[in-house]
Amino acid sequence: MKINDKYTKILIDETLRETVSHGSEEYPFKYYYEDIWLFDFHCIDWHWHSEVEFVFLKKGKARFLAGSEIHTLSEGMGIFINTHVIHRFEAEESAVIPNIVFSPTLLSSEGSLIYRKYILPVLDSSSDCIVFSPEIPWQKSALDTLMSVFEIQERESVCEIKTAELLLKLWSTIYENVNIKEKTAVSYASAHTQAQLQIMMQYIHKNYFQNISLNDIAMTVSLSKSSTLNIFNRYLKTSPISYLVNYRLKRAAMLLTSTENSVYSIAHDTGFENVGYFCRKFKGLYEMTPVEYRNKAKGLFR
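Undergrad: Just give me the short version of the overall build of the chain, but keep the residues and values in it.
TA: The helix and strand tally for the chain stands at 10 helices and nine strands. At 21 Å, the chain has a C-alpha radius of gyration in line with the 19 Å of a compact globule built from 302 residues. In terms of overall dimensions, the chain has a C-alpha envelope of 60 × 50 × 35 Å along the principal axes. Burial statistics for the chain: of 302 residues in total, 47% are counted as buried. Here the contacts in the chain between residues at least 6 apart in sequence split such that 70% fall between residues at least 24 apart. When the accessible surface of the chain is totalled, it reaches about 15700 Å², and 50% of it is carbon and sulfur. Side-chain charges of the chain comprise 32 positive and 35 negative groups, with the mean position of each set lying 5 Å from the other.

Undergrad: With reference to specific residues and values, describe the nonpolar core.
TA: Phe29, Phe54, Phe80, Ile100, Phe102 and Phe132 are the most contacted members of the largest nonpolar core, which has 32 residues in total. Residue assignment for this core shows that the elements contributing at least two residues are β1 (29–35), β3 (52–56), β8 (96–102), α1 (113–123), β9 (129–132), α2 (137–153) and α3 (160–177). The element that contributes the greatest number of residues to this core is α2, accounting for seven residues. Those residues in contact with Phe54, other than ones at most four positions away along the chain, are Ile79, Phe80, Pro98, Asn99, Ile100, Phe102, Phe132, Leu146, Leu170 and Ile174. Membership of the second largest hydrophobic core comes to 21 residues, among which are Met201, Leu223, Leu236 and Tyr247.

Undergrad: Describe the pattern of salt bridges, and please don't skip the residues or the numbers.
TA: As enumerated under the stated definition, the model contains seven salt bridges in all. One salt bridge in this structure joins Glu90 and Arg88, with 2.7 Å as the shortest N-O distance. Neither Glu90 nor Arg88 differs from the other in exposure class; each is buried. With its nearest N and O atoms 3.1 Å apart, the salt bridge here joins Asp144 to Lys140. Taken together, the residues span about one helical turn, with Asp144 and Lys140 both in helix α2 at a distance of four residues. Counted as one network, the salt bridges with shared partners bring together Asp45, Arg63, Arg88, Glu90 and Lys250.

Undergrad: Which residues make up empty space enclosed by the protein, and what values go with them?
TA: The final tally for this structure, using the stated rule, is two cavities of 30 Å³ or more. In this model, the largest cavity occupies a volume close to 110 Å³. Taken together, 14 residues line the largest cavity, and the ones lying closest to its centre are Ile10, Glu18, Glu34, Glu53 and Asn99. Mapped onto the lining of the largest cavity, the elements with two or more residues apiece are β1, β2 (43–47) and β8. When the residues that make up the lining of the largest cavity are grouped by side-chain class, the tally is seven nonpolar, four polar and three charged. Quantified by volume, the second largest cavity comes out at close to 30 Å³. Counted by class, the lining of the second largest cavity contains five nonpolar, two polar and no charged residues.

Undergrad: Can you tell me about the layout of surface pockets, naming the residues and giving the values?
TA: Taken as a whole, the largest pocket holds about 1300 Å³ of empty space. Taken together, 40 residues line the largest pocket, and the ones lying closest to its centre are Lys9, Asp40, Phe41, Asp45 and Lys250. Listing elements by their share of the lining of the largest pocket, those giving two or more residues are β2, β7 (87–90), α4 (185–207), α7 (240–258), α9 (275–286) and α10 (290–297). The dominant element in the lining of the largest pocket, judged by the number of residues it contributes, is α7, at eight residues. For the lining of the largest pocket, the per-class residue count stands at 21 nonpolar, seven polar and 12 charged.

Undergrad: I'd like a rundown of the sheet that holds β9, residues and numbers included.
TA: Taking strand neighbours across the sheet as the criterion, the five strands line up as β1-β8-β3-β6-β9 in an open arrangement whose pairing is antiparallel. Unpaired on one side and paired on the other, β1 and β9 mark the two borders of the sheet. Put simply, the sheet's adjacent strands are angled 15 degrees from each other on average, direction ignored. Bridge analysis of strand β6 (residues 78–81) against β9 gives four bridges, and the strand direction is antiparallel. By the bridge assignment, Ile79 is partnered in β9 with Val131.

Scoring rules and cut-offs
Residues numbered from 1 in each chain as written. Predicted model: local features only at pLDDT ≥ 70, side-chain atom pairs only at ≥ 80, totals over all residues. Heavy atoms only, no water. Helix = DSSP H or I, 4+ residues; strand = E, 2+ residues; numbered from the N terminus. Rg over C-alpha atoms; globule rule 2.2 N^0.38 Å. Buried < 20%, exposed > 50% of the residue type's maximum accessible area, 1.4 Å probe, protein only. Contact = heavy atoms within 4.5 Å. Areas by Shrake-Rupley, 256 points an atom, 1.4 Å probe, with all protein chains shown as cover. Lys, Arg positive; Asp, Glu negative; His and termini not counted. Charge placed at Lys NZ, Arg CZ, Asp CG, Glu CD. Core = buried A, V, L, I, M, F, W, Y, C linked by side-chain atoms within 4.5 Å. Salt bridge = Lys/Arg side-chain N within 4 Å of Asp/Glu carboxyl O. 1 Å grid on protein atoms, 1.4 Å probe; cavity = no way out; pocket = protein on both sides within 12 Å on 5 of 7 lines; lining within 4 Å. Points joined across faces, edges and corners; volume = space filled by probe spheres on them. Nonpolar A, V, L, I, M, F, W, Y, C, P; charged D, E, K, R; others polar. Pairing = 2+ DSSP bridges. Axes fitted to C-alpha atoms, helices over the stretch in contact; angles between N-to-C directions.

Take a look at the structure:
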């Protein structure tokens with residue numbers, strides 16, 4: 001199977017929701033065969049989607065971050081990511097991850113007995129993600145079923161009904177073996193906190209070119225500065241200001257390749273008052289100067 005090297009950047013809206021359509025309305029299912037190392041900054045950056053996702057680590061190692069949780073996945077392991085869970089993948093070398101993203105309505109229509117009795121309890125559970133290890137019998141069974149799903153997708157003629165049959169088997173394995181707990185007050189509080197985080201990130205994305213302070217970010221959701229720091233550190237493993245600076249640098253990188261504007265102008269347009277500071281931070285993130293980055297993008301490096 002050929003690695004996908006065209007779709008190497010997560011496309012998101014202002015709330016970090018992935019904007020790519022996974023499949024179609026009549027068949028909401030999509031199979032991907034990817035290498036985390038090929039994505040920008042060797043990571044599949046923070047995003048979420050209304051679909052569920054199953055990922056298998058075929059080669060290498062990867063770190064998976066879901067909300068405040070961090071999991072290290074090694075070759076042969078897999079993971080289930082529940083709906084609306086903000087997550088990110090990181091790798092320090094090639095990490096091949098065949099994966100599927102699909103709407104739970106593919107298994108059964110909303111309002112049906114099957115959906116209400118077997119699908120919804122998992123979706124509404126406190127389990128943001130489930131890690132699968134081949135050393136645990138029922139999890140190995142789930143991984144084997146997942147491999148069968150992948151195998152069907154890699155054939156010249158994909159069989160949708162066989163895919164749906166295996167997905168139901170996979171879902172049944174989870175339902176029968178996972179201790180499904182309803183969301184507690186803590187879980188709902190976590191969901192509320194993630195919503196606050198998304199609002200603050202949206203504020204940064206819309207106002208990054210202005211002079212933004214930690215207090216400005218905190219006030220968007222009426223939080224104290226210390227609470228804002230805790231939320232960013234808990235979920236994104238960085239501070240609000242560091243996130244702001246990195247977002248400015250990413251916007252600057254885009255302008256360097258899409259415009260002929262001077263480095264000074266781009267630094268100013270992305271919220272940096274000091275061009276020297278901008279150049280130092282840019283080199284720290286991209287390991288090259290802004291001019292070198294622009295030349296490389298234009299193919300001027302030999």
